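# Structural overview
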Amino acid sequence: MIKLVEGLPTFLVIGAMKAGTTSLYHYLRAHPQVFMPAIKAPEFFVAESNWTRGIDWYRRLFVLTGAEAVALGEASNAYTKYPQFAGVPQRIAAHIPDARLVYVVRDPIQRIWSHYRTRVREGSEKAPIERAVFDNPIYLDFCRYSVQLQQYLEYFPQEQLLVITSEDLREVREATMRRVYGFLGVDANFVPADLDRDLRRSRIG
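## A closer look at the overall build of the protein chain
The helix and strand tally for the protein chain stands at nine helices and five strands. For the protein chain, the N- to C-terminal ordering of α and β elements is β-α-β-α-β-α-β-α-α-α-α-β-α-α. Expected size for 205 residues packed as a compact globule is a radius of gyration near 17 Å; at 17 Å, the protein chain falls within 12% of this value. Counting all 205 residues of the protein chain, 52% fall into the buried class. In the protein chain, of all internal contacts separated by at least 6 residues, the share reaching a separation of at least 24 is 74%. Accessible surface, the protein chain: about 10,100 Å² in total, of which carbon and sulfur atoms supply 51%.

Now the structure itself:
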């Protein structure tokens, strides 16, 4: 059993963007032994986001209301957006050094295409994809999964990191969730009622 320490998370879903973290968040949140706040992505450990709010603000997100939880967690894909956001693993290690880290990766071409289409839909990308991918480094940087992982391996042992694929989460969902549940120290035989549903925000996300 993973111990709850100071009301802070025992695990983090650290990304990747457009790889299925929203679906994973919902499947995890459905588990009776898991607590995740209603705010899916608090991005606390990102200096440019909510770091200045302070650790007490973050801790309040994990106040339990009722049932005992075995694992507390959150899902912020900004935690694997190096070098756009640097220093994240150091901050995590300083506050929750024993945290389990789950990283969802996706075929890079598919991830880039989904990322690009989302930015176009939001109005933040105007260039055609063949130019955008080379003009804006975020498309490739967020797919450099080994580079992202290396930032964490400087501060966390490998056994605290679990890497799963978006493809497995979609195609062998029950087996993949058993792996994730087991890694987090909760009942791996639990099957969420909505496990047969793809809970991503969009079909391309």
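## Considering the packing of aromatic side chains
Applying the stated rule across the entire model yields 13 aromatic pairs. Considering the side-chain rings of F45 and Y58, the 5.2 Å spacing of their centres and the 80° angle between planes classify their relative orientation as edge-to-face. Residue F45 is located in the loop between β2 (34-35) and α2 (55-60), and its partner Y58 is located in helix α2; the two are separated by 13 residues in the primary sequence. You'll find F45 and Y58 in the same group, each marked buried. Seen from their ring centres, F45 and Y79 are 5.9 Å apart, and the 65° between their planes marks the pair as edge-to-face. Highlighted residues: F45 in the loop between β2 and α2 and Y79 in the loop between β3 (71-75) and α3 (88-95), separated in sequence by 34 residues.

## Focus: the confidence of the model for the protein chain
The share of residues in the protein chain with pLDDT of 70 or more is 91%, and the mean pLDDT across the chain is 92. The low-confidence segment residues 201-205, where pLDDT is below 50, has twelve contacts with residues more than four positions distant or belonging to other chains.

## Some words on the packing of helix α1 (residues 21-29) against helix α9 (residues 173-184)
Packed helices, taken two at a time, are described by their axes: the angle between them and the distance between them. Their axes nearest at 11 Å, the elements α1 and α9 cross at an angle of 65°. Every pair of crossing elements has a handedness; the one defined by α1 and α9 is right-handed. Residues L24, Y27 and L28 of α1 form the contact with α9, whose participating residues are R173, M177, V180, Y181 and L184.

## So, unusual backbone geometry
In this model, G15 is joined to A16 through a cis peptide bond whose omega is 0°. Within the fold, A16 resides in the loop between β1 (11-15) and α1. A cis geometry characterises the amide bond from Y82 onward to P83, with omega recorded as 5°. Turning to its location among the elements, P83 is positioned in the loop between β3 and α3. The phi dihedral of K18 is positive, around 65°, even though this residue is not glycine. Relative to the helices and strands, K18 resides in the loop between β1 and α1. Exposure remark for K18: the relative accessible area of 15% places this residue in the buried category.

So, how was this worked out
- Residues numbered from 1 in each chain as written.
- Predicted model: local features only at pLDDT ≥ 70, side-chain atom pairs only at ≥ 80, totals over all residues.
- Heavy atoms only, no water.
- Helix = DSSP H or I, 4+ residues; strand = E, 2+ residues; numbered from the N terminus.
- Rg over C-alpha atoms; globule rule 2.2 N^0.38 Å.
- Buried < 20%, exposed > 50% of the residue type's maximum accessible area, 1.4 Å probe, protein only.
- Contact = heavy atoms within 4.5 Å.
- Areas by Shrake-Rupley, 256 points an atom, 1.4 Å probe, with all protein chains shown as cover.
- Phe/Tyr/Trp six-rings, centres within 6.5 Å; stacked < 30°, edge-to-face > 60°.
- pLDDT = per-residue confidence, 0-100.
- Axes fitted to C-alpha atoms, helices over the stretch in contact; angles between N-to-C directions.
- Left-handed = near helix turned anticlockwise from the far one by under 90°.

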